[in-house]
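Listed below are the residues making up each chain.
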Amino acid sequence: MPDSPPHSLAHAICTVAAPSKVAVLGSTGTIGINTLDVIRRHPDRFRVAALAANRDVDTLYGQCVEHQPERAVMHDAGKADELRGRLRAAGLRIEVLAGDAGLEQVVRDFNVDSVMAAIVGAAGLLSTLAAARAGKRVLLANKESLVMAGSLLMRTVHDNHACLLPIDSEHNAVFQCLPPGCQADDATADVLRTGLHDAGVKQILLTASGGPFRDMPLSELENVTSAQACAHPNWKMGRKISVDSATMMNKGLEVIEACWLFDCTPEQVQVVLHPQSVVHSMVAFVDGSVLAELGNPDMRTPIAHALAWPSRIASGVRALDLVEVAKLEFLALEPARFPCLQLAYDALRAGGTATTVLNAANEVAVQSFLDEQIAFTDIPRVIDHALTQIAPTCADDLPTILAADKAARAMAAQYIAARA
């Protein structure tokens, strides 16, 4: 793949004792709430060391009251002041920090063993990098960090002996299906030395539900509403990721993420429609075998797996009843329905900052759709325009990546304004 990482996920993962102190970044979002639910079930194994959110003071305050972290972070400075006052009034001695500096201070804290990186979008990049730089066990739910800065993040993980475990259900499923040689037993294991093919892996198969519009006539897509796009048939997710699922950009970002995590080429990653969302992903082997990870569509499963890895703990997820499921379908994608997926493959093959541009333009387009400024079918048009207008450059350092992100957001915003 373009700009291949110096080390794959397997090199980045190390076996450590189950982490005891966890910082949950994005604690008021879906992943954060599910993480706290798993932690709540195992008070003898985990303790919340820090919580962080953007602006939701009410939810974060309640989480602070229950979990009693040492620190809390609000990205919005004004909201940090509000939280600080409420905690003080309640007699809670919790240090409140603000902004990116507060997030970085939390993840560098020697009292933090694991960092749940669950801040949505590009906003999570700096704190994820900081956690890797601090040598933490990074539970990666923020796929955008790898989409924007895959080479930089993987190098940072390796150079600082951090541990990286995927939280996305698809990548967590792939990780569980890989042979033992690819699931590193220690920090010296190197899948680049053997290669996925030499380990017997032929292909990674990422499953996709197809979202709420997989069967809608193409002529009707232009008129769908944000409420319809956010009504995912199987998963409970935030608004942004729900729209990404409806456009299939979420799967495109996951293809990019998979190439960085597992050191594979775009040609080795295939997306297949699976409406039931029971098979979370598969790994195909050269001998014709295909291993799959199955479970009910509940993010607590991959969260529990990553929190306790290499052990297993109860997640609170209802056991899968295959008789109740009755059938498992796998269908080919309809390219005309999901142009965003092809845009992601194109950006991945272009390499460099192309995937940074892809992610930034998508974030602007999705927010504009949610704000009812553009139609659902305009989302891929905005992204394609940014990719066409901004030539990719080498993405080895943070200033270059952030500059590409800024340029793409401006380009996308200008295009949307011109069409208004």
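The model shown is predicted, which means the values in this text are computed figures rather than measured ones.

Caption draft 1: Fine view of the pairing of strand β1 (residues 21-25). Of all five residues that make up β1, four are buried, and the element is covered over most of its length. As judged from the four bridges shared by β1 and strand β5 (residues 114-117), these two strands associate in the parallel manner. Its bridge partner being in β5, Val24 is matched across the sheet by Met116.

Caption draft 2: Summary view of the packing of helix α8 (residues 169-177) against helix α12 (residues 249-262). The interhelical angle for the contact between α8 and α12, taken along N-to-C directions, is 35°, at an axis separation of 10 Å. Crossing angle aside, the handedness with which α8 passes α12 is right-handed. Contacts between α8 and α12 pair Glu170, His171, Val174 and Phe175 from the former with Lys251, Glu254, Glu257, Ala258, Leu261 and Phe262 from the latter. Residue composition of the contact of α8 with α12, by class: five nonpolar, one polar and four charged.

Caption draft 3: Main features of helix α3 (residues 57-67). Of the residues making up α3, those classed as buried are Val57, Leu60, Gln63, Cys64 and His67. The buried residues of α3 occupy an angular sector of 130° when the element is viewed end-on, so they sit on one face. Against α2 (30-40), β2 (47-53), β3 (71-74) and α4 (77-89) lie the buried residues of α3. At the C-terminal side of α3, Gln68 shows a positive phi close to 50°.

Caption draft 4: Representation of the sheet that holds strand β11 (residues 290-294). Strand order in the open sheet formed by four strands is β9-β8-β10-β11, and the pairing between neighbours is mixed. The sheet terminates laterally at β9 (269-273) and β11, the two strands that pair on one side only. Looking at each pair of strands side by side, their axes are set apart by 25° on average, direction ignored. Where strand β8 (residues 201-208) meets β9, five bridges bridge the pair, whose relative direction is parallel. Along β9, the bridge assignment pairs Thr207 with Val272. In the packing of α8 onto the sheet, the strands contacted are β8, β10 (279-285) and β11, and the crossing angle to β10 comes to about 40°.

How each quantity is defined
Position numbers for residues count from 1 along each chain, tracking the sequence in the order it is written. Where totals are concerned, whole chains, interfaces and linings use all residues; where local detail is concerned, this predicted model gives features only for residues with pLDDT of at least 70, and gives and counts side-chain atom pairs only at 80 or more. Side-chain calculation: all heavy atoms of the structure are included, whereas hydrogens and water are not. A simple rule labels every residue: compare its accessible area, found with a 1.4 Å probe on the protein chains alone, to the largest value its type can have, and call it buried under 20%, exposed over 50%, or partly exposed in between. Per the convention used, a helix needs a DSSP run of H or I reaching at least four residues, while a strand needs a run of E reaching at least two, with both numbered from the N terminus. When DSSP finds two or more bridges between a pair of strands, those strands are recorded as paired. Only the contacting stretch of a helix is used when fitting its axis, a line to C-alpha atoms as for every element, and angles between N-to-C directions run 0 to 180 degrees. In this scheme the handedness of a crossing depends on how the near helix is turned from the far one: anticlockwise by less than a right angle means left-handed, clockwise means right-handed. In what follows, residue pairs with any heavy atoms lying within 4.5 Å of each other are defined as contacts. Under the grouping applied here, Gly and all other residues not named as nonpolar or charged are polar, the nonpolar ones being Ala, Val, Leu, Ile, Met, Phe, Trp, Tyr, Cys and Pro and the charged ones Asp, Glu, Lys and Arg. In this context, the arc is that of the directions from the helix axis out to the C-beta atoms.

Structural measurements only, silent on function.
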